[in-house]
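Understanding the architecture of this molecule
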Amino acid sequence: MHINISKSETGNNKGSSGQLVAYLEKENRLLYEQHPEREPEYWFNHESQEIQPYQVRYNIDHNTDRLSRDEAKFFLVNISPSENELLFLKEEFGEEGARQQLKQYANKVMDDYAKNFKKDKVQSNKDILYYGKVENHRYYTHKDEEVKQGLAKRGEQKPGEQMHVQVIVSRKDITDSIRLSPMNNSRGKNAAHSLKVGQFDRVAFKQAAEQVFDRAFGYDRELKETFAYANTLKHGGYEQKLEMKEMEKQEQEQKQQQKLELERELKLQQEREQKQKQSHGIRMRGW
């Protein structure tokens, strides 16, 4: 599970959200050109699954009381399941079912987003203003190596399972009175100062989102798929990396042992069934 928080796909979050909303409507525009009779992919949150883009823009842009011109007005939360996770969802729920489950999961992620601020008046996703949008594909940009090497063209769809959710969340809470910035990870000089200034633990948020997915869908996550594994290999010290690699080795050995035991049990079961058939054949001939 890849969770990322940024300013926006368009690079600016200090003005209107209109440019970002329009950008995230690109698949609907393409769908309308090809199939004008089809329903568009609506925006959603914990209250509704049929929110129009103009409502998203209006509500985000009018929830900015006392924010200066140079302050962020909103943030973009990218919720991108891995290919394994998407295949698991589609196998369990089907194509459309996976899409609906992903929406429900995104609402749970935003619930953890709200709780991560540790503010008395921000306890759940009901206390924040956000809108999610499912995107079915990803597209090559000039930054991709495939484009640089001439193997793909800018704007072409990327192969594989690419379904993900983009969430626009307001800088202010639902009452337009409390400032909430996921970019603020200041711990302050002491606990009281941190509580006043506010903080957001992005590592804890990403780990919580991963755990929510596993609990919600009964997903058996391998160590190599965990955020802790990727984070340790990227930012951990030598000893931490060594320990993580040893844990991975032990997990692989355990899985191999389980596989061998399963194969042994299956073989024994087949032998028992074969003996039963032979025994039954002898009785039939004797009768």
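Our subject is the structure that appears above.
Model, not experiment: these values are computed from the prediction.

A few words now on the side chain of Lys-172. Relative to the helices and strands, Lys-172 is located in strand S4 (residues 164-173). Of the polar contacts made by the side chain of Lys-172, one reaches the backbone oxygen of Asp-65; its length is 2.6 Å. Residues in contact with Lys-172, not counting those within four places in the same chain, are Asn-63, Thr-64, Asp-65, Leu-67, Leu-129, Ser-177, Ile-178 and Arg-179.

Okay, the nonpolar core next. With 37 residues, the main nonpolar core has Val-77, Ile-79, Tyr-105, Met-110, Tyr-113, Ile-128 and Val-165 as its most contacted residues. Take this core: its biggest share by element is 11 residues, from helix H4 (residues 83-115). In contact with Met-110, not counting residues within four places along its chain, are Val-77, Asn-125, Ile-128, Tyr-130, Val-167 and Val-169. Ranked by size, the runner-up nonpolar core spans 12 residues in total, among them Val-56, Leu-76, Leu-129 and Ile-168.

This part takes up the layout of surface pockets. Volume-wise, the largest pocket comes out at about 660 Å³. What lines the largest pocket is a set of 25 residues, and nearest its centre among them are Glu-9, Tyr-23, Arg-138, Tyr-139 and Thr-141. Put simply, the parts of the chain that give the lining of the largest pocket at least two residues each are strand S1 (2-6), strand S2 (74-80) and S4. Of the residues assigned to the lining of the largest pocket, the class counts are five nonpolar, 12 polar and eight charged. Taken as a whole, the second largest pocket holds about 490 Å³ of empty space. If you go around the second largest pocket, you meet 22 residues; those closest to its centre are Leu-31, Arg-38, Glu-39, Glu-41 and Asn-136. In terms of residue count, helix H2 (residues 26-34) provides more of the lining of the second largest pocket than any other element does, five residues in total. Across the lining of the second largest pocket, the residue classes break down as five nonpolar, eight polar and nine charged.

Turning to the pattern of salt bridges, a few remarks are in order. Pairs can form between side chains of opposite charge once their charged atoms are near each other. Throughout the structure, instances matching the rule amount to 16 salt bridges. Arg-99 is the salt-bridge partner of Glu-95, the closest N and O atoms lying 3.8 Å from each other. Of the two residues, Glu-95 and Arg-99 both sit in helix H4, four residues apart, roughly one turn of that helix. Using a relative accessible area of 42% as the deciding quantity, one classes Glu-95 as partly exposed. Notably, a salt bridge pairs Lys-172 with Asp-176, separated by 3.3 Å at the nearest N-O pair. The same class applies to Lys-172 as to Asp-176, namely buried. A network of salt bridges, in which partner residues are shared, links Glu-41, Lys-90, Glu-95, Glu-96, Arg-99, Lys-103 and Glu-161.

Below, the discussion takes up the pairing of strand S3 (residues 128-135). For S3, the buried fraction is high: eight of the eight residues fall into the buried class. Covered by surrounding structure in S3 are Ile-128, Tyr-130, Gly-132 and Val-134 together with Leu-129, Tyr-131, Lys-133 and Glu-135, the residues of both alternating faces. Alignment of S3 against S4, held across seven bridges, turns out to be antiparallel. Counterpart to Glu-135 in the pairing with S4 is His-164.

Take the sheet that holds S3 next. Pairing within the open sheet is antiparallel, and its four strands lie in the order S1-S2-S4-S3. The outermost strands of the open sheet, each flanked by one partner alone, are S1 and S3. On average, each strand axis in the sheet is tilted by 20 degrees relative to the strand beside it, whichever way the strands run. Each of S1, S2, S3 and S4 is contacted by H4, which is oriented at about 150 degrees to S3, the strand it contacts most.

Reading the values: the criteria
Residues numbered from 1 in each chain as written. Predicted model: local features only at pLDDT ≥ 70, side-chain atom pairs only at ≥ 80, totals over all residues. Heavy atoms only, no water. Helix = DSSP H or I, 4+ residues; strand = E, 2+ residues; numbered from the N terminus. Polar contact = N/O pair within 3.5 Å; in protein donor to acceptor, adjacent residues only side chain to side chain. Contact = heavy atoms within 4.5 Å. Core = buried A, V, L, I, M, F, W, Y, C linked by side-chain atoms within 4.5 Å. Buried < 20%, exposed > 50% of the residue type's maximum accessible area, 1.4 Å probe, protein only. 1 Å grid on protein atoms, 1.4 Å probe; cavity = no way out; pocket = protein on both sides within 12 Å on 5 of 7 lines; lining within 4 Å. Points joined across faces, edges and corners; volume = space filled by probe spheres on them. Nonpolar A, V, L, I, M, F, W, Y, C, P; charged D, E, K, R; others polar. Salt bridge = Lys/Arg side-chain N within 4 Å of Asp/Glu carboxyl O. Pairing = 2+ DSSP bridges. Axes fitted to C-alpha atoms, helices over the stretch in contact; angles between N-to-C directions.

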